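Overview (structure and organization)
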Amino acid sequence: MDALTLLHERSSMGKLMGPAPSAEQLEAMYRAALRAPDHKELRPWRFIEFSGAGLERLGELFAQAELREDPHAEDARLNGARKKPQRAPMVIAVIARVTPDEPKVPQVEQILSAGCAAHSLLLAAHAQDLGAMWRTGQYAFDPTVHEGLGLAEEDALVGFIYLGQPGGRPRRLPEHDTADFVERWT
Ligand SMILES: Cc1cc2nc3c(=O)[nH]c(=O)nc-3n(C[C@H](O)[C@H](O)[C@H](O)COP(=O)(O)O)c2cc1C
């Protein structure tokens, strides 16, 4: 697949099956992520890979987040939270590790860099015929989850990248007219 075709045709896959990406596939994905644009080379990112029992630990954190919000939360709600990470054989949390006192690189730029890294993970997954989906949901912003994953106060959880083998048909790509989004000053 040439680079432009990849950029034009990447799409998300919500239905994901095992096996999880191989070590080689993951290495190619992380190498792509580490090429994200990065002002002053701060490397403002951190990745946590969850698979197997790790997915259960992540689900437990999601359940704890529910409990902190509502100490009387019903079992169905807690079990629903526990099951969320099980929608894929692997999840990668992408964290913006923010340097707060960097005068030339505002925090938003560092978070954008981590977002670019997340996009590169998606692209490199697609290039290797893997399925992937970027999710946040309430848990990406939850203090219990942040604490459990060791985020510092200034860090951001940019997203959870769900990964696996595509388990469904790719959705039809939307057609957009670039003219609707571009203005030209000449
Ligand atoms: C930061 C971010 C967070 C997202 N969070 C969710 C989410 O929690 N749940 C969801 O269904 N889609 C979420 N999405 C959207 C999907 O990842 C996906 O981009 C969307 O369904 C469109 O599909 P496409 O990537 O094939 O165009 C998120 C996207 C971004 C960029």
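Residues numbered from 1 in each chain as written. Predicted model: local features only at pLDDT ≥ 70, side-chain atom pairs only at ≥ 80, totals over all residues. Heavy atoms only, no water.

Bringing the overall build of the chain into the picture now. Along the chain, the regular secondary structure elements total 6 helices and 5 strands. When the elements of the chain are put in sequence order from the N terminus, they spell out α-β-α-β-α-α-β-α-β-α-β. For 186 residues, the compact-globule formula gives about 16 Å, and the C-alpha radius of gyration of the chain, at 18 Å, lands near that figure. Taken along its principal axes, the extent of the C-alpha atoms in the chain is 60 × 45 × 35 Å. The proportion of buried residues among the 186 residues of the chain is 40%. Nonlocal contacts in the chain, meaning residues at least 24 apart in sequence, comprise 80% of its contacts between residues at least 6 apart. (Helix = DSSP H or I, 4+ residues; strand = E, 2+ residues; numbered from the N terminus. Rg over C-alpha atoms; globule rule 2.2 N^0.38 Å. Buried < 20%, exposed > 50% of the residue type's maximum accessible area, 1.4 Å probe, protein only. Contact = heavy atoms within 4.5 Å.)

Around the ligand, the neighbouring residues are R10, S11, S12, M133, W134, R135, T136, G137 and R171. Contact distances for the ligand include 3.2 Å between an oxygen atom and a backbone N or O atom of G137. Here an oxygen atom of the ligand and a side-chain polar atom of R171 are 2.9 Å apart. A total of 630 Å² of accessible area belongs to the ligand in isolation, and the protein chains cover 56% of it. (Near = heavy atom within 4 Å. Polar contact = N/O pair within 3.5 Å; in protein donor to acceptor, adjacent residues only side chain to side chain. Areas by Shrake-Rupley, 256 points an atom, 1.4 Å probe, with all protein chains shown as cover.)

We now examine the UniProt feature "binding site: FMN" (unreviewed entry) in the chain. In the numbering adopted here, UniProt assigns the feature "binding site: FMN" (unreviewed entry) to R10, S11, S12, R35, H39, W134, R135 and T136. Over a stretch of 127 residues, the named residues are scattered through the fold, their C-alpha atoms separated by up to 27.9 Å. Here H39 lies in the loop between α2 (23-33) and β2 (45-51). Discounting chain neighbours no more than four positions away, the residues touching H39 are K104, V105, E109 and S113. Along the polypeptide, T136 turns up in the loop between β4 (131-135) and α6 (143-148). In this structure T136 comes out as partly exposed when scored by relative accessible area, which is 34%. Beyond its immediate chain neighbours, meaning those up to four positions away, T136 contacts F141, V158, G159 and F160. (UniProt positions renumbered as here; feature names shortened; annotations may be inferred.)

Once that is clear, we can look at the UniProt feature "domain: Nitroreductase" (unreviewed entry) in the chain. The UniProt record annotates "domain: Nitroreductase" (unreviewed entry) at residues 18-164. Secondary structure over residues 18-164 splits into 44% helix and 19% strand, and the C-alpha atoms at its two ends are 6 Å apart.

Scanning the entire structure with this criterion turns up 7 salt bridges. Residues D38 and R43 are paired through a salt bridge, measuring 2.8 Å at the closest nitrogen-oxygen approach. Where K40 meets E102, a salt bridge forms, and the shortest distance between an N and an O atom there is 3.3 Å. Taken as a pair, K40 in the loop between α2 and β2 and E102 in the loop between β3 (90-96) and α5 (107-127) lie far apart in primary sequence, 62 residues in all. (Salt bridge = Lys/Arg side-chain N within 4 Å of Asp/Glu carboxyl O.)

One way to put it is that α2 packs onto α5 with a least axis distance of 8 Å and a crossing angle of 145°. Helix-helix and strand crossings are classified by hand; for α2 and α5 the assignment is right-handed. Between α2 and α5, the residues in contact are A28, M29, Y30, A32 and A33 and A117, S120, L121, A124 and A125, respectively. Looking at side-chain class alone, the contact of α2 with α5 contains 9 nonpolar, 1 polar and no charged residues. (Axes fitted to C-alpha atoms, helices over the stretch in contact; angles between N-to-C directions. Left-handed = near helix turned anticlockwise from the far one by under 90°. Nonpolar A, V, L, I, M, F, W, Y, C, P; charged D, E, K, R; others polar.)

Where helix α3 (residues 53-69) meets helix α4 (residues 75-83), the closest approach of the two axes is 7 Å, and the angle between their N-to-C directions is 145°. The element α3 and its partner α4 pack so that their crossing is right-handed. Note on element contacts: α4 touches α3 through R77, L78, A81 and R82, opposite G59, E60, F62, A63, E66, L67 and E69. Its residues assigned to classes, the contact of α3 with α4 comprises 5 nonpolar, 1 polar and 5 charged.

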